Amino acid sequence: MTNQATNPAERQSWRPSEEERFATKPTGWTRFIRVFLPYQIWRYLVINLKMMRIIFKGHGHS
Amino acid sequence: MARVVILGAGVSGHTAASFARRWLGKEHSVTVVSPKPTYNWIPSNIWVGIGLMPEHKVVFELAPVYAKAGIEFVQAKAVSIHPEGSADSSSPYVVVESTLGTSAGTQTRVPYDYLINATGPKLKFEATPGLGPEGGNSYSVCTESHATETSHALDESVARMRRGEKQRFLVGTGHGMCTCQGAAFEYIVNLEFELRRRKVRDKAEIVWISNEYELGDFGMGGMHLKYGGYVTPSKIFTESLFAERGLHWITRSHVQKVDPGRAYYENLEGDQRQIDFDFAMLLPPFSGVGMLAQDRQGTDITSRLFAPNGFMKVDADYASKSYEEWRARDWPSTYQNPSYDNVFAVGIAFAPPHAISRPRTSKTGTAISPTPPRTGMPSAIIGKAVARTIVNRIQGSSKAPQRASMAEMGAACVASAGANPFTGTAASMVVYPIVPDFERYPDYGRDTDLTYGEIGLAGHWIKIGLHHLFLHKAKLRPGWAMIPE
Ligand SMILES: Cc1cc2nc3c(=O)[nH]c(=O)nc-3n(C[C@H](O)[C@H](O)[C@H](O)COP(=O)(O)OP(=O)(O)OC[C@H]3O[C@@H](n4cnc5c(N)ncnc54)[C@H](O)[C@@H]3O)c2cc1C
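Since the model is a prediction, treat every value here as computed from it, not as a measurement.

### Observations regarding the sheet that holds strand 23 (residues 426-431) of chain B
All names here are of chain B. The antiparallel open sheet is built from three strands, whose spatial order is 22-23-24. The two strands at the open ends of the sheet, each matched to only one other strand, are strand 22 (411-416) and strand 24 (452-456). Pairs of neighbouring strands in the sheet enclose a mean axial angle of 10 degrees, with direction left out of account. With five bridges connecting them, strand 23 and strand 24 associate as antiparallel partners. Note that in strand 24 the partner of Ala 426 across the bridge is Gly 456.

### With respect to the interface of chain A and chain B
Between chain A and chain B, the contact holds 36 residues from the first and 68 residues from the second. Carbon and sulfur atoms make up 59% of the surface buried where chain A meets chain B, a total of about 4,600 Å² over both sides. Remark: the boundary between chain A and chain B carries two salt bridges. A salt bridge links Glu 454 of chain B to Arg 43 of chain A; the shortest N-O distance between them is 2.6 Å.

### So, the packing of aromatic side chains
Residue and element names in this part refer to chain B. One pass over the full model with this rule turns up 17 aromatic pairs over all chains. Look at Phe 242 and Trp 249: their rings are 6.1 Å apart centre to centre, the planes differ by 70 degrees, and that puts the pair in the edge-to-face class. Looking at Phe 242, the relative accessible area reads 0%, which means it is buried. Judged by its relative accessible area of 9%, Trp 249 is buried. Here the aromatic cluster, defined as three or more aromatic residues joined through ring pairs, consists of Phe 185, Trp 208, Phe 218, Phe 242 and Trp 249.

### Here we look at the side chain of Gln 336 of chain B
Residues and elements named next belong to chain B. For Gln 336, the location among the structural elements is in the loop between helix 7 (302-305) and strand 21 (343-345). Since its relative accessible area comes to 15%, Gln 336 is described here as buried. Those residues in contact with Gln 336, other than ones at most four positions away along the chain, are Lys 313, Val 314, Asp 315, Asp 341, Val 343, Phe 344, Arg 393 and Pro 401.

### Structural notes on the pattern of salt bridges
Scanning the model with the defined rule gives 33 salt bridges over all chains in all. The residue Glu 18 of chain A makes a salt bridge to Arg 21 of chain A at a minimum N-O spacing of 2.8 Å. There is no split in this pair, since Glu 18 of chain A and Arg 21 of chain A are both exposed. Residues participating in the shared-partner salt-bridge network are Asp 155, Glu 194, Arg 197 and Arg 198 of chain B.

### With respect to the site of the ligand
Residues and elements named next belong to chain B. Around the ligand sit 30 residues in total, of which Ser 12, Ala 78, Ile 348, Arg 374 and Gly 376 are the nearest. The side chain of Ser 34 places a nitrogen or oxygen atom 3.2 Å from an oxygen atom of the ligand. In this structure, Thr 119 approaches the ligand through a main-chain N or O atom, which is 3.3 Å from an oxygen atom. Elements supplying a minimum of two residues to the shell around the ligand: helix 1 (11-23), strand 2 (29-34), strand 5 (72-82), helix 5 (181-197) and helix 8 (376-395). In terms of residue count, the dominant contributor to the shell around the ligand is helix 8 (three residues). Its residues assigned to classes, the shell around the ligand shows 16 nonpolar, ten polar and four charged.

Cut-offs applied
Residues numbered from 1 in each chain as written. Chains lettered and ligands numbered in written order. Predicted model: local features only at pLDDT ≥ 70, side-chain atom pairs only at ≥ 80, totals over all residues. Heavy atoms only, no water. Pairing = 2+ DSSP bridges. Helix = DSSP H or I, 4+ residues; strand = E, 2+ residues; numbered from the N terminus. Axes fitted to C-alpha atoms, helices over the stretch in contact; angles between N-to-C directions. Contact = heavy atoms within 4.5 Å. Buried area = accessible area lost by both parts, 1.4 Å probe. Salt bridge = Lys/Arg side-chain N within 4 Å of Asp/Glu carboxyl O. Phe/Tyr/Trp six-rings, centres within 6.5 Å; stacked < 30°, edge-to-face > 60°. Buried < 20%, exposed > 50% of the residue type's maximum accessible area, 1.4 Å probe, protein only. Near = heavy atom within 4 Å. Polar contact = N/O pair within 3.5 Å; in protein donor to acceptor, adjacent residues only side chain to side chain. Nonpolar A, V, L, I, M, F, W, Y, C, P; charged D, E, K, R; others polar.

In structure tokens form, the structure reads like this:
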């Protein structure tokens, strides 16, 4: 099976919505901190704790 | 001796069977009926579909695991439920059709005292002409084999881009009534990451299409997160991630038809539109698997056990209500069928009372809004709770059922956004409760102190950890029962 368009030259043009220009974008600092090892090790611990909190809150009860 | 029969060996059924077996004495039997010989850790299918993980790493053979645990395994698909037995015996049973080797197609009866329907979804590709990999014109990652086929198609597209061709990728939902937007979201962001890794990103245009009213709805009506001094809707974060990655988006749309290289869709405004593509990964809508039910005389009682969409009726409030009248308590908590109290449905197999996202129809009357997701964590919690209810009843310790309402439980979800141990990221999300409760939390329906999300490398490490942890648990290896759902 292929889902390749029969001929790319025949492909109809499509334009993204103008609205996309109004999206919030992360700064360089935000992108850096997302993969900055020491900070991410700390976040790893924090996220795990937040998840454990929800796990222990959410199990079945009679 | 009691017989507990579980239909389906996915997240919910496998969890229910494993705990029922652990808690019940050997004088009682636990039987799993499932048409496939393998268990699939579905969340990791995303990585198979990107070509980062081979299929064999997301599946394993069930028979040896069940043999070791003392669970009987019947490789078959359930066809009909007979909760009152037949004219010659009042013992309830399920008719199953073998899918195993030379006996394939043979029907037999599997008697039960307690039945758990955990059959998950039917992937309803046929709802949209041309949708899906089986005779259609788009790909999927819903099963491990679909995901492998998708990764091969991706390789082909990458080869074309390396030869200098441009490619347009279309990813999202293939129908106005789809759920599981989270899986498509993971696919699109992983795809973008992978195309960058393969150094062809500049040749790719990547477009999202979905039935969500806003990006970040995920079938849960979106969520509000406390961040940077604001309570911010998930739309903002999702749009931001898409904009950062150069992903385009079309929302509020129902895909009507998928031709080779072209998708036709209608939006909420009633506009008829089309978009050409070179590669499309579009998820199908879900329904129940289509089991029938009969009473003792052989009269069809399917509508007594199942809702029209094929999901099984449980203790939910199914009265038709407007969005404004929806209440958290409409959601089920015991998962017991109202007509037969020894029949339960867990995971995707139970009929939800209504959606979570506000229902909408286009100007031409087409329904375009997400149906409610039942993700891995609640599916497993519900499976375990129902196993406890049944075990308590068998052991005579309690008649009161365990309760596990999605309106009273939270869910943690980690959505991969790029797989690399140093540069990868994932969105880690926690919502409480899953189903918003506007009586308890009037502003946002959820507890904004518990509901939480962030994107970063740590999330990717957690996602990798979950892959190994949940496969370890599913294989019933030492300590499995200690691993939370
Ligand atoms: C691509 C993808 C990615 C996802 N990622 C995540 C994620 O990251 N996190 C998350 O929480 N959730 C995720 N989900 C959702 C998650 O996979 C589901 O919530 C979960 O699988 C539901 O479990 P279930 O047991 O109800 O159904 P399933 O896991 O689908 O299991 C159904 C079982 O029933 C069997 N069956 C079918 N028909 C019959 C029949 N007639 N008789 C007997 N047995 C039958 C099937 O073979 C299967 O064994 C993802 C889903 C997809 C598609």
